[in-house]
Amino acid sequence: TGVVPDIKDDASPVTIADREAEQVLRARIRQSFPAHAILGEEEGEDAATAGAAVRWIVDPIDGTKAFVTGVPLY
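Starting from 1, residues in each chain are numbered consecutively following that chain's sequence as written. Side-chain atom pairs in this predicted model are given and counted only at pLDDT of 80 or more, local residue features only at pLDDT of at least 70, and totals for whole chains, interfaces and linings cover all residues. Water and hydrogen atoms were dropped before computing side-chain values, which therefore reflect all heavy atoms in the structure.

## Some remarks on helix H1 (residues 16-32)
- Secondary structure is summarised from DSSP: a helix means a run of H or I of at least four residues, a strand means a run of E of at least two, and numbering begins at the N terminus for each. The span expected for a helix works out to 1.5 Å for each residue beyond the first. Between its first and last C-alpha, H1 extends 25 Å over 17 residues, near the 24 Å set by a 1.5 Å rise per residue.
- Of the residues making up H1, those classed as buried are Asp18, Glu22, Arg26 and Ile29. Axial view of H1: buried residues confined to an arc of 70 degrees, hence all on one face. Exposed side chains of H1 directed beyond 90 degrees from the buried face belong to Ile16, Arg28 and Gln31.
- Residue contacts are counted whenever heavy atoms from the two residues lie within 4.5 Å of one another. Elements that come into contact with the buried residues of H1 comprise strand E2 (13-14), strand E3 (37-40), strand E4 (44-45), strand E5 (55-58) and helix H2 (64-69).
- Under the rule applied, a polar contact is a pair of N or O atoms within 3.5 Å (in protein, one hydrogen donor and one hydrogen acceptor; residues adjacent in sequence only if both atoms are side-chain atoms). Two or three places before Ala17, at the start of H1, stands the capping residue Thr15, its side-chain oxygen 3.2 Å from that residue's backbone nitrogen. Burial classes: relative accessible area under 20% of the type maximum marks a residue as buried, over 50% as exposed, and values in between as partly exposed (1.4 Å probe, protein chains only). Each C-beta atom gives one direction from the helix axis, and the arc is the one those directions make.

## Observations regarding unusual backbone geometry
- Here Ala11, not a glycine, exhibits a phi torsion of approximately 75 degrees, which is positive.
- Within the fold, Ala11 resides in the loop between strand E1 (6-7) and E2.

## Some points on a nonpolar patch on the surface
- Together, Phe33, Val54 and Trp56 make up an exposed nonpolar region whose accessible area comes to about 240 Å².
- By the element assignment, Val54 lies in the loop between E4 and E5. Grouping into patches uses exposed residues only, defined as over 30% relative accessible area, and leaves out salt-bridged ones; the cut-off is 9 Å for like charges and 5 Å for nonpolar side chains (Val, Leu, Ile, Met, Phe, Trp, Tyr). Values of accessible area rely on a 1.4 Å probe in the Shrake-Rupley scheme; residue burial ignores everything except the protein chains shown. For salt bridges, the criterion is a side-chain nitrogen of Lys or Arg within 4 Å of an Asp or Glu carboxyl oxygen.

Right, here's the structure in full:
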């Protein structure tokens, strides 16, 4: 597919698309809800807001294995 993944410690693939999508989501959440915590699959939890009353769980691309192998559904 031309998409070259990195392999995480748990042996699952991660791509630039995963990382950049999470960064965009984090930026938009912070802009609208600066006091909320964010826990993301790629970047973990923001330490500064770890005790917040609201936590967003972010996994921007579900199905990375399908994505990198060219399966059109992910």
